[in-house]
Amino acid sequence: MINHARPVKAGVVALFAAAALAVSACSGSTSSNPGTSSGTASSATSVKAQLVVAIPGDIDNFDPDTNQLITYEYAIRNLVFSSLVKYDANLKLVPDLAQFSVNTAATVFTFKLNPKAVFQDGTPVNAAAVVQSLKRAAGSKGSIWAPRLAGVKSYATPDTGTVVITLNKPNADFLAGLTDIAILAPSSFTTTKSKPVGSGPYSFVSWTPNKQIVLQKFDKYFGTPGRAQQITEEPITDQQVALNDLYSGSVDIIASASTATTAQVDSSRATVVSPSTSNSMDLVEFNSSGKLADPRVRQALAYALDKSSVQKIAYNGKGTTTASPLPASSWAYSAQTGYPYNLAKAKSLLAAAGASKLSFTLDILDGYPQATAMARVWQQSLAQIGVTLTPKVEELSTWLDQYVSRKYDAIWNSFDVGGDPNSFFDVIMTPHLGDDYKNPQMTALMAKGIGTSVQSQRAPIYAQLQQLTVAQVPVMIVAWEPVASITATDVTGYQMNPQGWALFADAAVASK
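Residues numbered from 1 in each chain as written. Predicted model: local features only at pLDDT ≥ 70, side-chain atom pairs only at ≥ 80, totals over all residues. Heavy atoms only, no water.

1. Things to note about the overall build of the chain
Consideration 1: Looking only at helices and strands, one finds 14 helices and 24 strands in the chain.
Consideration 2: Counting only C-alpha atoms and orienting by the principal axes, one finds that the chain spans roughly 65 × 55 × 40 Å.
Consideration 3: Looking at the chain as a whole, 58% of its 512 residues qualify as buried.
Consideration 4: Of the roughly 18300 Å² of accessible surface on the chain, a fraction of 51% belongs to carbon and sulfur atoms. (Helix = DSSP H or I, 4+ residues; strand = E, 2+ residues; numbered from the N terminus. Buried < 20%, exposed > 50% of the residue type's maximum accessible area, 1.4 Å probe, protein only. Areas by Shrake-Rupley, 256 points an atom, 1.4 Å probe, with all protein chains shown as cover.)

2. Let's talk about the environment of Gln239
Consideration 1: Structurally, Gln239 is set in helix H5 (residues 239–248).
Consideration 2: Classification of Gln239 as buried rests on a relative accessible area of 11%.
Consideration 3: In this structure, the C-alpha to C-alpha distance between Gln239 and Phe222, residues 17 residues apart in sequence, is 35 Å.
Consideration 4: Polar side-chain contacts of Gln239 include one of 2.8 Å to the backbone nitrogen of Ser258. (Polar contact = N/O pair within 3.5 Å; in protein donor to acceptor, adjacent residues only side chain to side chain.)

3. Considering helix H7 (residues 295–303)
Consideration 1: With respect to burial, H7 is a largely interior element, 7 of its 9 residues being buried.
Consideration 2: Against strand E15 (280–286), helix H9 (343–352), strand E16 (359–365), helix H10 (369–383), helix H14 (455–472) and strand E19 (475–480) lie the buried residues of H7. (Contact = heavy atoms within 4.5 Å.)

4. Examining the packing of H7 against H9
Consideration 1: Two elements in contact, H7 and H9, have axes whose closest approach is 8 Å; the angle formed by their N-to-C orientations is 165 degrees. Comparing their axes, H9 and H7 come out roughly antiparallel. Two packed elements cross with a definite hand, and for H7 against H9 that hand is left-handed. Listed contacts from H9 to Arg296, Val297, Gln299, Ala300 and Tyr303 of H7 are Lys345, Ala346, Leu349, Leu350 and Ala352.
Consideration 2: When grouped by side-chain class, the residues that make up the contact of H7 with H9 number 7 nonpolar, 1 polar and 2 charged. (Axes fitted to C-alpha atoms, helices over the stretch in contact; angles between N-to-C directions. Parallel < 35°, antiparallel > 145°, perpendicular 65-115°, else oblique. Left-handed = near helix turned anticlockwise from the far one by under 90°. Nonpolar A, V, L, I, M, F, W, Y, C, P; charged D, E, K, R; others polar.)

5. Thoughts on the packing of helix H8 (residues 307–314) against H10
The geometry of a pair of packed helices is captured by two quantities: the angle between their axes and the separation between those axes.
Consideration 1: Contact geometry for H8 and H10: axes closest at 9 Å, N-to-C directions at 140 degrees. For the pair H8 and H10, the crossing hand works out as right-handed. Contacts from Ser309, Val310, Ile313 and Ala314 in H8 reach Gln370, Ala373, Met374 and Val377 in H10.
Consideration 2: Partitioning the contact of H8 with H10 into residue classes produces 6 nonpolar, 2 polar and no charged.

6. A look at unusual backbone geometry
For residues other than glycine, phi is negative in most cases, and the peptide bonds are mostly trans.
Consideration 1: With a phi close to 60 degrees, Asn210 is a non-glycine residue in the positive phi region.
Consideration 2: Checked against the element boundaries, Asn210 lands in the loop between strand E10 (202–208) and strand E11 (212–217).
Consideration 3: Positioned with a positive phi, Arg406 is a non-glycine residue whose angle comes to about 60 degrees.
Consideration 4: Summarising the element assignment, Arg406 is placed in the loop between helix H11 (396–405) and strand E18 (410–416).

7. Notes on the sheet that holds E18
Consideration 1: Read across the sheet, 5 strands follow the order E17-E16-E18-E15-E19 without closing on themselves; strand pairing throughout is mixed. Looking at which strands have only one partner, the edges of the open sheet turn out to be strand E17 (388–394) and E19. The sheet shows a mean angle of 30 degrees between the axes of neighbouring strands, direction not considered. (Pairing = 2+ DSSP bridges.)

8. Here's the deal with the confidence of the model for the chain
Consideration 1: When the pLDDT values of the chain are averaged, the result is 89; 91% of them are 70 or greater.
Consideration 2: For residues 3–36, every residue scores under 50 in pLDDT, and the model assigns this stretch 205 contacts once sequence neighbours within four places are set aside.
Consideration 3: Every residue in residues 38–43 is under pLDDT 50, and counting partners more than four places away or in other chains gives 13 contacts. (pLDDT = per-residue confidence, 0-100.)

9. With respect to H8
Consideration 1: Looking at H8, one finds that the buried residues are Lys307, Val310, Gln311 and Ala314. The buried side chains of H8 occupy one side of the element, clustering within an arc of 100 degrees when seen end-on. For H8, exposure combined with an orientation more than 90 degrees from the buried face picks out Lys312 and Ile313.
Consideration 2: On its buried side, H8 packs onto helix H6 (259–262), H10 and E19.
Consideration 3: Downstream of H8 by a residue or two, Asn316 has a phi angle that is positive, lying close to 55 degrees. (Arc of directions from axis to C-beta.)

10. A short note on the packing of aromatic side chains
Consideration 1: Scanning the model with the defined rule gives 15 aromatic pairs in all.
Consideration 2: Plain terms: the ring middles of Tyr368 and Trp412 are 5.0 Å apart, the flat faces sit at 45 degrees to each other, and that makes the pair tilted. Here Tyr368, found in the loop between E16 and H10, pairs with Trp412, found in strand E18; they are 44 residues apart in sequence, far enough to count as distant.
Consideration 3: Ring plane angle 85 degrees and centroid distance 5.0 Å describe the contact between Phe424 and Phe425, whose orientation is recorded as edge-to-face.
Consideration 4: Here the guanidinium or amino end of Arg269 rests over the ring plane of Tyr247, the centre of that ring lying 3.9 Å away. (Phe/Tyr/Trp six-rings, centres within 6.5 Å; stacked < 30°, edge-to-face > 60°. Lys NZ or Arg CZ within 6 Å of the ring centre and 35° of its normal.)

Below, the structure written as structure tokens:
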């Protein structure tokens, strides 16, 4: 969720407030190597000690078990912490802390830990520490990852370098789910909200609220070392300010850039960096237990959204407006017709549901111009059929509270779908299914979808789930947006993955 989305809902985070917004090659220059900044990373290249990054908002909770905002994911979690496994820049599962093997039934997962791995407090990353961290994620209050580990039958440590996880039943998505679960140093369990300690390429140094977060290169990192000695992250919510700072030289990278921002980039002064594909969606989540409980009302609202106009106005004509909650690049993608713009149909459905004079609010996170643009388009169309939409733009803490407590009629969100199709249903739909949207059929299909490891058997299940989601509209997909960052021309080695996550560890500024 915008998190990281991936905010949080009743125990599971779904949104992620800082998803990399938008864009691709508009009038700004685009990297010749999609997903990578101009120039190549080289250990022989002389680079500056500091890398300064503009992030879309501040971070005030550094606990990876309770913070799933997208900004947190790429700005802190992926730099300070390691996981047992991770996604590479192309969303392929690869080892992180451990080499892995899985039995045919997808019930036994064996991890051989890297013997060189140590935590930033100097203690070894051994089997006991890994199991302690996983149990914390599974059982601590407020953990967003508890559902991912709920099916674990046992943890075994045959030796100090081996962890064996056995599940109660097959789960084809379990390994992919572990990419989100950071391994914490046991010494930091009670202090990690303000002082995170992991085994990643950078260690946490300090946080100055609404000003900066400082990370320092961790010299004992077991993997490829970071290139910059220090990464300073500055929360800048106004992208025009961020762009001006980049031009002036006080910022090296804008982690998340909207289409409107990238469209005005001066290619002689900056470079637009985009992945080759985008798994990033903007969506509206409905509270299906309130005034929008009738699926006909939600269908009507979907018919009243002119996605063509939204695409032109909110995304500068970029991105796609498919209705499916899975990206077209997914092996499980199934094309869905959705709800073509039709105000007469919308009005008829509202009348049938007895909701012709409907009024509702839409909560929007501050700093996402495409969301406010979408709301204006939707508001104007709804007014033509007697429906009053009131957009509410909110700062992060307010928006997140509304999201978690379900104090909304409808709420805008941004989510990056992972490499496995279950990621959308697990993170976005599971909280709804346990709260405002009861659908036994969807719950059963989700369980069935992870119950086999055979992809050809899973694909039809996820086709059904996509059809059901579109038909019932507990959430409405607005657009699959292009994602982009902007870098100074002297930045090398920088990449983004299809989820729109900024990958800072290999980035640096060339010395002049």
